[in-house]
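Each chain, letter by letter, is given below.
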Amino acid sequence: MKKLHYIIAFIAFGALMSFQKSPKHDADKINWITIEEAIELQKEEPKKIIMDVYTNWCGPCKMLDKNTFQNADVVEYINEHYYAVKFNAEGNDEVTFNDKTFKNPNYDPAKANRRNSAHEFARYLQVRAYPTIVYFDEEANVIAPISGYMKPQQIELYLKLFNTDKYKEMDTQEKFNEYFKSFKPTFKE
C-alpha cells in the first residue's frame, strides 16, 4: 500500500511539473492560428495580423521558421502585438476571408511536398514569391506583403514599423529610407 502512495505521488508530481513547464514552453513558440481565427479574435481584442505565406518545398521558408520564428525576441514581440497566421500558399485548405471562400482547385496531393498549384488566397494577396509575410491592420485590411527571408533584426524593422503605425507617415521612398537608417534594432540575432 505504501508503494502505491509513492507511485501516485510520483505521477502527481510529474503531472504538476509538466503543467508548470507548459506555459513557458508555449512562450517559446509563436501562437500560430488560422486567418479566420485571427479575424474572430480581432473582434474581441484588436491587433494587427502577421501572416507567414510559405510552401512545403521552399528552403528560405524553412530557414525563416528555424532562424527567425524561433528567435526569443521575435516570438515574444509577435505573440504580444500580433495575431500570427501561417498559410501554405500551395496547400489545400479552404479559406474564408471577407465573405469569400478561397480554394486550390488544381491542388495535386501527389505533389504535397513539391511545387504545386498556387492557392486562390495567395493570388488574392498578390503573393509572388516565398516566403512572403503579409501584414494586416486591426480590421484585417492588407497593409503590405513583404517578400523574402529575413533575420530577426530585419523582421524587427517591419514588425515595429507596422505595429506602431509609423508606416502611415511614409508616403515616399525617402521617408522609408530615413526610417530605415535611423532604426536601431534590439532583437538578438
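Residues numbered from 1 in each chain as written. Predicted model: local features only at pLDDT ≥ 70, side-chain atom pairs only at ≥ 80, totals over all residues. Heavy atoms only, no water.

### Here's the deal with the state of the cysteines
(1) Moving on: Inspection of the entire model under this criterion finds 1 disulfide.
(2) Moving on: Paired through a disulfide, Cys58 and Cys61 show a sulfur-sulfur distance of 2.3 Å. On the sign convention where negative is left-handed, the bridge of Cys58 and Cys61, at about 85° about the S-S bond, is right-handed.
(3) Moving on: Exposure remark for Cys58: the relative accessible area of 1% places this residue in the buried category.
(4) Moving on: For Cys61, a relative accessible area of 4% puts it in the buried group. (Disulfide = S-S within 2.5 Å. Buried < 20%, exposed > 50% of the residue type's maximum accessible area, 1.4 Å probe, protein only.)

### Side note on the packing of aromatic side chains
(1) Moving on: Taken as a whole and judged by the stated rule, the model has 18 aromatic pairs.
(2) Moving on: Here the aromatic rings of Trp57 and Tyr130 are separated by 5.9 Å at their centres, their planes lie at 85°, and the arrangement is edge-to-face. Of the two residues, Trp57 is situated in the loop between strand 2 (48-54) and helix 3 (59-68) and Tyr130 in the loop between helix 5 (120-124) and strand 6 (132-136); the sequence distance between them amounts to 73 residues.
(3) Moving on: Exposure remark for Trp57: the relative accessible area of 25% places this residue in the partly exposed category.
(4) Moving on: Between the aromatic rings of Tyr135 and Phe162, the centroid separation amounts to 4.5 Å while the plane-to-plane angle is 40°, which identifies the pairing as tilted. With a gap of 27 residues between them, Tyr135 in strand 6 and Phe162 in helix 6 (residues 152-163) connect regions that are remote in the sequence. Accessibility classification places Tyr135 together with Phe162 in one group, the buried group.
(5) Moving on: Put simply, the rings of Tyr82, Tyr135, Tyr158, Phe162, Tyr167, Phe176, Tyr179, Phe180 and Phe183 pair up and form one aromatic cluster.
(6) Moving on: Seen from the ring of Tyr83, Lys47 lies directly overhead, with NZ or CZ sitting 5.0 Å from the centre. (Phe/Tyr/Trp six-rings, centres within 6.5 Å; stacked < 30°, edge-to-face > 60°. Helix = DSSP H or I, 4+ residues; strand = E, 2+ residues; numbered from the N terminus. Lys NZ or Arg CZ within 6 Å of the ring centre and 35° of its normal.)

### Thoughts on the sheet that holds strand 7 (residues 142-147)
Strand pairing in a sheet relies on backbone hydrogen bonds. The paired strands run either parallel or antiparallel.
(1) Moving on: Read from one edge of the open sheet, 5 strands run 1-3-2-6-7, paired in mixed fashion. This sheet does not close on itself; its edge strands, each paired only once, are strand 1 (32-33) and strand 7.
(2) Moving on: Bridge analysis of strand 1 against strand 3 (residues 82-88) gives 2 bridges, and the strand direction is parallel. The partner of Ile33 across the bridge, within strand 3, is Val85.
(3) Moving on: Across the sheet, helix 2 (residues 35-44) is in contact with strand 1, strand 2, strand 3 and strand 6; its angle to strand 2 comes to roughly 175°.
(4) Moving on: Along the sheet, helix 6 contacts strand 2, strand 3, strand 6 and strand 7; its crossing angle with strand 6, the most-contacted strand, is approximately 15°. (Pairing = 2+ DSSP bridges. Contact = heavy atoms within 4.5 Å. Axes fitted to C-alpha atoms, helices over the stretch in contact; angles between N-to-C directions.)

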